[in-house]
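Read off the chains here:
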Amino acid sequence: GMQSHLQALLSLYKLFCPELVTITLPGKMKTYFRNSEGPWKAAITAVRSRNQGPSPLSQAVVLGTSQPQSRKRKWNAQLVIPASSKSTNNLEEVRGKSSVCLYNTNKSFPVEQLQTFPQLLQNIHRLEFPSQMGSVLTSPLLLHYMNCVKDESVYLRLYYWMGQMLQEECAWCVVDNPNEEEFKSFLESIYKAECFLQEGFSACEEFLYKTLPLWDGFCCRSEILSLVSWIPLSNFSDIKSYLYDPLAQLFFTSSIYFKCSVLESLKQLLQNWLNCNVIRVDSEFSS
């Protein structure tokens, strides 16, 4: 049977090799591979190193005698990924192994060949989504596809990828993160995609609920408050504990500019809720 720890393991396989896991996994499940003490340990290490003075390792880095090691990403050297369908890669592998091509390219349309909106209309039923789901965020044509064709597997793949990237690249949960500007650009790409789709991503909602209590209110301020405006309507008790309470602690201790920014974000959140509710009521009335 589908036990919770097996689902968590399969979700990791689906994250790195989505073409190997064909079953549908639940969107929300208990996290088994997360170290919840990571931000606290990092903060304690930073305070300890600041109080005890520079360590020999840090002195070596300053003097140029030690080469700093860069963190290796699991997917790509960039957060914004170009589109590349897995069928093209599979086709090249088959051609390399055998002179006889067993793959019929007429069955699917590679996403890297998608350039215009008429192409999308003509091939919408045989379009193959890219193996790197991050490319969807910056492609208006693929976002059009997500709006028109409600494919659960596409949303699940994007949910797994986005959740992992947000967790690993969060600028205020990683000490001395050199990629803060890149993380800002990544958050802005998510926000633009949400505005295009007129709905928020569940992975982004979970990220905000988990990290807002650790947020200092300064790092990536405009991007975070923009993402807050697309949180979907849910239970008020959950929104109060996960959204309002962390923002209230920052609101009463911050500048007037921050207070106005928070109020503007909550105003936009209310407008998005009203627009979504009107669309839902109109669709129900017409049906």
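Provided above is the structure to which this section pertains.
Predicted model only: the values in this text are computed from it and were never measured. (Residues numbered from 1 in each chain as written. Predicted model: local features only at pLDDT ≥ 70, side-chain atom pairs only at ≥ 80, totals over all residues. Heavy atoms only, no water.)

### Re empty space enclosed by the protein
This model, assessed by the stated rule, comprises 1 cavity of 30 Å³ or more. What the largest cavity holds in volume is close to 30 Å³. Lining of the largest cavity is provided by Glu194, Gly200, Phe201, Cys204, Glu205, Leu208, Leu227, Trp230, Ile231 and Pro232. For the lining of the largest cavity, the class distribution of residues is 7 nonpolar, 1 polar and 2 charged. (1 Å grid on protein atoms, 1.4 Å probe; cavity = no way out; pocket = protein on both sides within 12 Å on 5 of 7 lines; lining within 4 Å. Points joined across faces, edges and corners; volume = space filled by probe spheres on them. Nonpolar A, V, L, I, M, F, W, Y, C, P; charged D, E, K, R; others polar.)

### Notes on the environment of Gly134
Relative to the helices and strands, Gly134 is located in the loop between helix H5 (117-122) and helix H6 (140-148). Separated by 31 residues in the primary sequence, Gly134 and Met165 place their C-alpha atoms 9.5 Å from one another. (Helix = DSSP H or I, 4+ residues; strand = E, 2+ residues; numbered from the N terminus.)

### What to know about the side chain of Ser265
Residue position: Ser265 is located in helix H12 (residues 256-286). Excluding its chain neighbours within four sequence positions, the residues that come into contact with Ser265 are Leu225, Val228 and Ser229. (Contact = heavy atoms within 4.5 Å.)

### Notes on the packing of helix H8 (residues 180-197) against helix H10 (residues 221-228)
Across the interface, H8 lies against H10 with an axial gap of 9 Å and an inter-helix angle of 25°. The orientation of H8 with respect to H10, classified from their angle, is roughly parallel. For H8 against H10, the interelement crossing comes out left-handed. Listed contacts from H10 to Lys184, Leu187, Glu188, Ile190, Tyr191 and Glu194 of H8 are Glu223, Ile224, Ser226 and Leu227. Classifying every residue of the contact of H8 with H10 gives 5 nonpolar, 1 polar and 4 charged. (Axes fitted to C-alpha atoms, helices over the stretch in contact; angles between N-to-C directions. Parallel < 35°, antiparallel > 145°, perpendicular 65-115°, else oblique. Left-handed = near helix turned anticlockwise from the far one by under 90°.)

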